[in-house]
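Listed below are the residues making up each chain.
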Amino acid sequence: MPVLLCMCHLFDTHCHLTHPPLRQQLPQILTQAALQKVTRFLVPATGPEDWSAIIRLKQQYRSVSMALGIHPWYIKPHHKPALECLIQHLVQHPDALVGEIGLDFHVAKEDKAKQNQKIFFEDQLSIARQYQRPVVIHHVRASFACIDSIQRCGFKYGGFAHAFSGSVQEAQKWHQLGFMVGIGSLLLNPKAQKIRRTVAELPLDYMVLETDAPYMAPDKGVNYPANTRRIAEIVAQLRHCDWQEVASQCYQNACRYVEVTQ
Ligand SMILES: [Zn+2]
């Protein structure tokens, strides 16, 4: 990716454009994003119900890249055969990442539920490994368990550790495994001090920007990809640099894993 092309443009590496209410007002939302220089989007799936809509969206918009997978909140026993279907989609779409997949121990408190999440996560990691795709990781209270699974599966294609909220040391661990950490809408909450301290210190080539729109709005309302600009400005403020420098570096970081043609 030549530097000039991505200069000052922002890449929202995690937004659910196929979820309501974004999908009903997509043209306006993308125009609003473009006005803030947010011009690239990685749209991860949460489950098989999402896959066809995301594939159609990707065919419709050149600015959209996709990740297909099953989110830990939504795994169901009948999803096992869906993994076969996931494989077919990956074969048909060589530019698709796998995601969002992972572990959420805030939701799964009992051992059995944790184990079930782990089985689906490791199955999908193995598929990603087999088809050599980066992954988008959802990790809540389970960062080290995710890292453990990634190592156990011998997965080496990297990707994004979404909605990162941890320390510099934790980011370092993800970096060593070939992952970027997703810095996002947590920063829109002025009370989130820990992530501010991390972002101030973290090397810029460890991170990508994301909103998780329509989720994670600080006022519990609707979040929009246009907010990637505000996130970049807060990152820049914390690091005493220009938002354009943050935008450019984070865009290039994302392009290490996402094929961009425009
Ligand atoms: Zn998400």
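Shown above is the structure to which this text applies.
One structure accompanies this document, and this report is about it. Not measured: the values here are computed from a predicted model.

Conventions we followed
- Residues numbered from 1 in each chain as written.
- Predicted model: local features only at pLDDT ≥ 70, side-chain atom pairs only at ≥ 80, totals over all residues.
- Heavy atoms only, no water.
- Donors = N, O, S within 2.8 Å, 3.2 Å for Na, K, Ca; no water.
- Helix = DSSP H or I, 4+ residues; strand = E, 2+ residues; numbered from the N terminus.
- Buried < 20%, exposed > 50% of the residue type's maximum accessible area, 1.4 Å probe, protein only.
- Lys, Arg positive; Asp, Glu negative; His and termini not counted.
- Salt bridge = Lys/Arg side-chain N within 4 Å of Asp/Glu carboxyl O.
- Polar contact = N/O pair within 3.5 Å; in protein donor to acceptor, adjacent residues only side chain to side chain.
- Contact = heavy atoms within 4.5 Å.
- Axes fitted to C-alpha atoms, helices over the stretch in contact; angles between N-to-C directions.
- Parallel < 35°, antiparallel > 145°, perpendicular 65-115°, else oblique.
- Left-handed = near helix turned anticlockwise from the far one by under 90°.
- Nonpolar A, V, L, I, M, F, W, Y, C, P; charged D, E, K, R; others polar.
- Phe/Tyr/Trp six-rings, centres within 6.5 Å; stacked < 30°, edge-to-face > 60°.
- Pairing = 2+ DSSP bridges.

### What to know about the coordination of the zinc ion
The protein atoms donating to the zinc ion are His14 (NE2), His16 (NE2), Glu100 (OE) and Asp212 (OD), with metal-donor distances spanning 2.1 to 2.7 Å. Counting the intervening residues between successive donors of the zinc ion yields the motif H-x1-H-x83-E-x111-D. Here histidine 14 is found in the loop between β1 (10–12) and α2 (26–35), whereas its partner glutamate 100 is found in strand β4 (residues 97–104), with 86 residues between them in sequence. There is no split in this pair, since histidine 14 and glutamate 100 are both buried.

### Thoughts on the side chain of aspartate 104
Looking at the element boundaries, aspartate 104 is found in strand β4. Of the side chains with opposite charge, arginine 141 comes closest to the buried, unpaired aspartate 104, at an N-O distance of 7.1 Å. A polar contact is formed between the side chain of aspartate 104 and the backbone nitrogen of valine 107, at a distance of 3.1 Å. Contacts of aspartate 104, omitting those with residues within four sequence positions, involve Pro72, Trp73, Gln117, His138 and Val140.

### A word on the packing of helix α4 (residues 82–92) against helix α5 (residues 111–130)
In helix packing, the relevant descriptors are the interaxial angle and the interaxial distance, both defined with respect to the helix axes. The interhelical angle for the contact between α4 and α5, taken along N-to-C directions, is 25°, at an axis separation of 11 Å. Between α4 and α5, the angle is such that the two are roughly parallel. In this structure, α4 crosses over α5, and the sense of that crossing is right-handed. Touching Leu83, Leu86, Ile87 and Leu90 of α4 are Asp123, Gln124 and Ile127, all from α5. Of the residues that constitute the contact of α4 with α5, the class distribution is 5 nonpolar, 1 polar and 1 charged.

### Points about the packing of aromatic side chains
We describe a pair of aromatic rings using the distance from one ring centre to the other and the angle between the two ring planes. Evaluated as defined, the whole model comprises 6 aromatic pairs. Pairing phenylalanine 11 with tyrosine 251 gives two aromatic rings, centres 5.5 Å apart and planes at 65°, and the pair type is edge-to-face. Here tyrosine 251 lies in helix α10 (residues 243–254) and phenylalanine 11 lies in strand β1, a separation of 240 residues in the sequence. With respect to class, phenylalanine 11 is no different from tyrosine 251; both count as buried. Between phenylalanine 160 and tyrosine 257, the ring centres sit 5.3 Å apart and the planes meet at 70°, which makes this aromatic pair edge-to-face.

### Looking at unusual backbone geometry
A cis amide bond links glycine 99 to the next residue, glutamate 100, at an omega of 0°. With an omega dihedral of 5°, the bond running from alanine 213 to proline 214 counts as a cis peptide bond. Within the secondary structure layout, proline 214 lies in the loop between β8 (207–209) and α9 (228–239). Backbone geometry at glutamine 132 places phi at a positive 55°, although glycine is not the residue there. With respect to the element layout, glutamine 132 can be found in the loop between α5 and β5 (135–140). Of note, the phi angle at methionine 216 is positive, near 65°, even though the residue is not glycine. Mapped onto the elements of the fold, methionine 216 is located in the loop between β8 and α9.

### A closer look at the sheet that holds β5
Strand order in the open sheet made by the 8 strands is β1-β2-β3-β4-β5-β6-β7-β8, with parallel pairing throughout. Of all the strands in the sheet, the pair left with one neighbour each is β1 and β8. This sheet shows a mean twist of 30° between the axes of neighbouring strands, independent of strand direction. Sheet analysis places strand β6 (residues 159–161) next to strand β7 (residues 179–183), joined by 3 bridges and oriented parallel.

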